[in-house]
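Observations on the model geometry
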Amino acid sequence: MGRYVLTRLWQSVLTLVLASLVVFIGVRQLPGDPALAMAGEEATPEQLAAVRADLGLDQPLLTQYVAFVRNMFQGDFGESTRTGTPVTELIATTLPVTLWLSAYAIVVAIVVGILLGVVAERFRGRWPEWVANALALIGLSVPNFWLGILAILYLAVTLGWFPASGYVDVLSDPLRGLYYLTLPALILGTGLAAVIMRQTRASMIETMTTDYVRTARAKGLGRGRVLVRYGLRNSLIVVVTIVGLQLGGLISGAVVTERIFALPGFGKLTLDAVFTRDYPVIQAVVLIITVSYILINLAVDILYSVINPKIRVGGAA
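Every chain is numbered independently, its residues counted from 1 as its sequence is written. Where local features are concerned, this predicted model is filtered to residues with pLDDT of at least 70; where side-chain atom pairs are given and counted, the filter is 80 or more; whole-chain, interface and lining totals use all residues. Here the side-chain values reflect all heavy atoms present in the structure, with hydrogen atoms and water set aside.

The condition is simple: UniProt positions are given in the numbering used here, feature names are shortened, and annotations may be inferred rather than shown by experiment.
If you look the protein chain up in an unreviewed UniProt entry, it shows as ABC transporter permease from Arthrobacter echini. In the Subcellular location (unreviewed entry) part of its UniProt record, the protein chain is described as follows: "Cell membrane". Recorded under Sequence similarities (unreviewed entry), the UniProt text for the protein chain is reproduced unchanged: "Belongs to the binding-protein-dependent transport system permease family."

In structure tokens form, the structure reads like this:
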């Protein structure tokens, strides 16, 4: 187990180094001049040169990259070229909103996806399976932004069940905060719920045809008990993998959802930074999303090896 974890750790570190290099170079290939955006259209060449010197943009790329990595490990991402606010303060303000939204959405997706997957397997060839498959197809096919618009129109404006926009801090008022996040979380989690449902159903159908399940049935165990004890338990390996891979995607995919529901999260910060060529904010946002992907995949690999020892043995070998 220790050797397996160490192998995954050095692979994650290497991925992080390569990702930081890609982020650094990619951001500098964006069109536009951040010094011009900061100084204004009427700035003189001398003023632009002073701004570039202040931002370190007049240094060679290698020098800029070394400074970028050094500051990154110190937790210093610089200041926003648009507002002058430290990037760490902007992230500390907006990231919790996205994390709460993503966590809520993934809980919704797991509960709904597993429930529909169990129902689809339990009632194969009957109308509950058809309904579950239809819901999964809708979740996979319809874009989140379109579902969000429809949800606002009918569930928020027409029926008044949920607020159409706004955000309340979950820590200061948990019930009201979760209430405001319910509709965005439902929309954000639909695609993941559909994937979990289909994978859970397929995994359970395969498990229920194995020899040990037939043996359990022959010993007198009821179908419902076998379904939960053997079918659902083994399908959780697939669910853990999917959830781990999609959690980072939810954080980055929340950009559209936050825009639709006017949430002051990572999505708004990202779009504002891209539109204004705010290099420090763009670098920090992309790097944090990348690190989240790497850490989540590492955690999934370790958890996967705990659930399925064969993976651990094969990975260590």
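Right, picking up where we left off after that structure.
**Focus on helix α8 (residues 174-207)**
One turn of the α-helix equals 3.6 residues, which is why residues spaced by three or four share an orientation. Here is the rule: By the criteria applied, helices consist of DSSP H or I runs no shorter than four residues and strands consist of E runs no shorter than two, each listed in order from the N terminus. To estimate how far a helix should reach, multiply one less than its number of residues by 1.5 Å. By definition, a residue's bend is the angle between the axes fitted to the seven residues ending there and the seven starting there.
Over its 34 residues, α8 runs only 40 Å from end to end, short of the ideal 50 Å by more than 12%, given 1.5 Å per residue. Along α8, the sharpest kink reaches roughly 45 degrees, centred on T190.

**Thoughts on the pattern of salt bridges**
What counts is decided by this rule: Salt bridges are defined by distance alone: a side-chain nitrogen of Lys or Arg within 4 Å of a carboxyl oxygen of Asp or Glu. To sort residues, take the accessible area from a 1.4 Å probe on protein chains only and compare it with the maximum for the residue type: under 20% means buried, over 50% means exposed, and anything in between is partly exposed.
Applying the stated criterion across every chain yields a total of two salt bridges. Of the charged contacts, one joins E129 and R201 as a salt bridge, the two residues approaching to 2.6 Å between their closest N and O atoms. Linking E129 in helix α6 (residues 127-141) with R201 in helix α8, this pair joins segments that are 72 residues apart in sequence. Residue E129 is classed as buried on the basis of its relative accessible area, which comes to 7%. Judged by relative accessible area, R201 falls into the partly exposed class, the value being 23%. D272 is the salt-bridge partner of K268, the closest N and O atoms lying 3.0 Å from each other. Taken as a pair, K268 and D272 lie in helix α11 (residues 266-275) at a separation of four residues, close to a single helical turn. Given the relative accessible area of 42%, K268 is considered partly exposed.

**Focus: the environment of I260**
Mapping I260 onto the fold places it in helix α10 (residues 223-260). Since its relative accessible area comes to 24%, I260 is described here as partly exposed. For I260 and I152, which are 108 residues apart along the polypeptide, the C-alpha to C-alpha distance reads 9.0 Å.

**Describing the UniProt feature "transmembrane region" (unreviewed entry) in the protein chain**
UniProt feature "transmembrane region" (unreviewed entry): in the numbering of this structure it lies at residues 12-30, 99-119, 131-157, 177-197, 235-261 and 281-304. Structurally, residues 131-157 is divided into 93% helix and 0% strand, and its ends, taken at the C-alpha atoms, are 27 Å apart. Secondary structure across residues 177-197 divides into 100% helix and 0% strand, with the first and last C-alpha atoms of the span separated by 28 Å.

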